[in-house]
Amino acid sequence: MNTTKKIQSALISVFSKEGLEPIIKKLHEQNVIFYSTGGTEEFIKNLGIPVIPVEDVTSYPSILGGRVKTLHPKVFGGILNRQDNETDVQQMQEYNIPQIDLVIVDLYPFEKTVASGASESDIIEKIDIGGISLIRAAAKNFKDTVIVPSVAEYPLLLDLISSQNGATTLENRKLFATKAFHVSSHYDTAIFNYFNTDETIFKTSIADGQVLRYGENPHQKGFFFGDFDAMFKKVNGKELSYNNLLDVDAAVNLISEFKNNEPTFAILKHNNACGLATRKTISEAYNVALACDPTSAFGGVLIANTKIDVATATEINKLFCEVVIAPAYDEAAIGILQERKIELY
């Protein structure tokens, strides 16, 4: 059974127009019919390309300050109809519903609006209703419909329609559907977390995991999910491994108990402390911590609760270690530690 389908019509309703122009032009070359609303409709018109307003399809104008534009059976019927279902085909004809093969959406920037410190009323208006509904509908009907759920997927679509002359395979459409449900679930999680005050409920969605050098063992894969750069500033060295991260986590948790103490140094290996000491100077604290178990300290993670100076860096440089963490470094100390290509944070 041939599941390849040619795109003949597209509904486009996006917040970000960046990167949209070449897609519109390529689809126009392929004789695709465009449907659109508001600012996107105006954008397409300004390219000199014909576009049918959604209002002409639904016989309803955009209402309630733009809150309701695409929410109509003639729109969603065009997206959700099953082209191999006889009843669906008959109803499409009976109600004069246009077929929609491609849906391109880019949602209102809810997370960016929250992060900007905007007022609650502005934030509420950035909760996309029509867009998220279009995404879910088109993704559900991936057997017949292509869904492009965000500006991040514009390049993929352009490459696809260019290389396949506007045709898509079932595999292509299912990939886009997967990306669509990722976008919708991430978006809903962000909205929930904005409203949620119940500490017994925890939801998170991390959109971009960091690939690690390897997993727990060299033949395994490893990934980090979270904003590592928000927690640490990398000063020197290669990327962390999975085991490095486990030791870094243990080290930070341990040293946090000595945050306001006199100079304290800890050395960890495989999530266990090889040594820890508090002294008058950080150099002295390091030497005492190392003396606790100098053998196990080899290849470990080192952490201090205060600035690492030249004297301490000179001593650390005598030991092979994977990672050094400190709230600050003397400039000369960084130069010394860089000689050994140690990972500094």
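Look a little higher up for the structure.
Residues numbered from 1 in each chain as written. Predicted model: local features only at pLDDT ≥ 70, side-chain atom pairs only at ≥ 80, totals over all residues. Heavy atoms only, no water.

Participant: So what exactly am I meant to see when it comes to the packing of aromatic side chains here?
Facilitator: Within a pair of aromatic rings, the relevant descriptors are the distance that separates the centres and the angle that separates the planes. Applying the stated criterion to the full structure yields seven aromatic pairs. An angle of 35 degrees between the planes, with centres 6.5 Å apart, marks the rings of Phe 223 and Phe 225 as tilted. Each ring, one from Phe 265 and one from Tyr 286, has its centre 5.0 Å from the other, and the planes form 70 degrees; the classification is edge-to-face. Note that Phe 265 is positioned in strand 10 (residues 264-269) and Tyr 286 in helix 13 (residues 282-292), a separation of 21 residues in sequence. A network of ring pairs unites the aromatic residues Phe 110, Tyr 187, Tyr 194 and Phe 195 as a single cluster. Between the NZ or CZ atom of Lys 203 and the centre of the ring of Phe 192, over which it lies, the distance is 5.4 Å. (Phe/Tyr/Trp six-rings, centres within 6.5 Å; stacked < 30°, edge-to-face > 60°. Helix = DSSP H or I, 4+ residues; strand = E, 2+ residues; numbered from the N terminus. Lys NZ or Arg CZ within 6 Å of the ring centre and 35° of its normal.)

Participant: Help me understand unusual backbone geometry in this model?
Facilitator: Backbone geometry follows two general trends: most residues other than glycine have a negative phi, and most peptide bonds adopt the trans configuration. You will see that Asn 31, though not glycine, has its phi angle at about 65 degrees, which is positive. Note on placement: Asn 31 falls in the loop between helix 1 (21-29) and strand 3 (33-36). On the basis of relative accessibility, which here comes to 66%, the residue Asn 31 falls in the exposed class. At Asn 96, a residue that is not glycine, the phi angle is positive and equals roughly 55 degrees. Along the chain, Asn 96 falls in the loop between helix 5 (86-94) and strand 5 (102-106). (Buried < 20%, exposed > 50% of the residue type's maximum accessible area, 1.4 Å probe, protein only.)

Participant: I would appreciate a short explanation of the pattern of salt bridges in the present structure.
Facilitator: Side-chain pairing between opposite charges can occur once the charged atoms of the two side chains come close. Within the structure shown, the criterion is met by nine salt bridges. Across the salt bridge formed by Asp 330 and Lys 307, the nearest N and O atoms sit 3.6 Å from each other. Here Asp 330, found in the loop between strand 13 (321-325) and helix 15 (331-338), pairs with Lys 307, found in the loop between strand 12 (300-304) and helix 14 (310-316); they are 23 residues apart in sequence, far enough to count as distant. The partly exposed category is assigned to Asp 330, whose relative accessible area is 25%. Relative accessible area serves as the criterion here: at 42%, Lys 307 is assigned to the partly exposed category. (Salt bridge = Lys/Arg side-chain N within 4 Å of Asp/Glu carboxyl O.)

Participant: Explain the side chain of Arg 173 to me, please; I cannot follow it from the model alone.
Facilitator: Within the fold, Arg 173 resides in helix 10 (residues 170-195). Asp 144 provides the closest opposite charge to the buried, salt-bridge-free Arg 173, at an N-O distance of 5.9 Å. At a separation of 3.0 Å, a polar atom in the side chain of Arg 173 contacts the main-chain carbonyl oxygen of Phe 142. If sequence neighbours within four positions are ignored, Arg 173 has contacts with Thr 3, Thr 4, Lys 5, Phe 142, Lys 143, Asp 144, Thr 145, Val 146 and Thr 168. (Lys, Arg positive; Asp, Glu negative; His and termini not counted. Polar contact = N/O pair within 3.5 Å; in protein donor to acceptor, adjacent residues only side chain to side chain. Contact = heavy atoms within 4.5 Å.)

Participant: When you look at the pairing of strand 10 in this model, what are you seeing that I'm missing?
Facilitator: Each regular strand shows side chains that alternate between the opposite faces of the sheet. Among the six residues of strand 10, five are classified as buried, and the element is accordingly described as predominantly covered. Where strand 10 folds back on strand 11 (residues 272-278), the antiparallel hairpin that results is connected by two residues, among which His 270 adopts a positive phi of roughly 55 degrees. Of the pairings in the sheet, the one linking strand 10 to strand 12 comprises four bridges and is antiparallel in character. Paired with Ala 266 across the bridge in strand 12 is Ile 303. (Pairing = 2+ DSSP bridges.)

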